[in-house]
Every structure is written in C-alpha cells, then in structure tokens.
Amino acid sequence: MSTIVGVKFNRGGRIYFFDQSELKIVVGDRVMLETEGGPKEGLVAIAPSQVIHSDLKGPLDPILRKIVCT
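Note that the structure is a prediction, hence the values are computed from the model and not measured.

Colleague: Looking at this structure, I do not really get the packing of aromatic side chains. What am I missing?
Modeller: For any pair of aromatic rings, geometry is given as the distance between the ring centres together with the angle between the planes. In this structure the tally under the stated criterion is two aromatic pairs. Between Phe 9 and Tyr 16, the aromatic rings sit 5.4 Å apart at their centres with planes inclined by 50°, giving tilted as the arrangement. The class for Phe 9 is partly exposed, based on a relative accessible area of 23%. For Tyr 16, a relative accessible area of 32% gives the class partly exposed. Ring centres of Phe 9 and Phe 18 lie 6.3 Å apart, and the angle between their planes is 85°; this geometry places the pair in the edge-to-face category. Each residue in the set Phe 9, Tyr 16 and Phe 18 is aromatic and connected to the rest through ring pairs, giving one cluster.

Procedures and definitions
- Residues numbered from 1 in each chain as written.
- Predicted model: local features only at pLDDT ≥ 70, side-chain atom pairs only at ≥ 80, totals over all residues.
- Heavy atoms only, no water.
- Phe/Tyr/Trp six-rings, centres within 6.5 Å; stacked < 30°, edge-to-face > 60°.
- Buried < 20%, exposed > 50% of the residue type's maximum accessible area, 1.4 Å probe, protein only.

As structure tokens, this is what we get:
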C-alpha cells in the first residue's frame, strides 16, 4: 500500500492527496508536485497516519521532491 499525504497549494485551500513514495516527509514540509498545469509547490498538511485510505479512489501522483530551505 502507498504512503499517502495530504497537501495544500495555498493557505485555507483544498487538500489534495499524493503518494509520498520513499521520501521522509512530515506535516509542514514544502514539497514539489507534478500537477496537470505543471510542477507546483505545496505544503504537507495531513500526515500519512491521518489519511483514511478507504476514502481515496484511483492512482495518486507521486511527490517529486522535498523542498529544502537554507
């Protein structure tokens, strides 16, 4: 089973679900995602342990990478 996280694209926005793949990601991390409109930055808002898998349908797109701020 995939490890799934919930991601927001803007504050107060809708949450979308993505496959975490092998990345180590926690709530609050900024991530780069592939969307229909091209690559886009998002904020992880829901941890894998909080996602109810039975509510999700179809394959999920993977998170491309974690954005590291320096």
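Having seen it, we continue.
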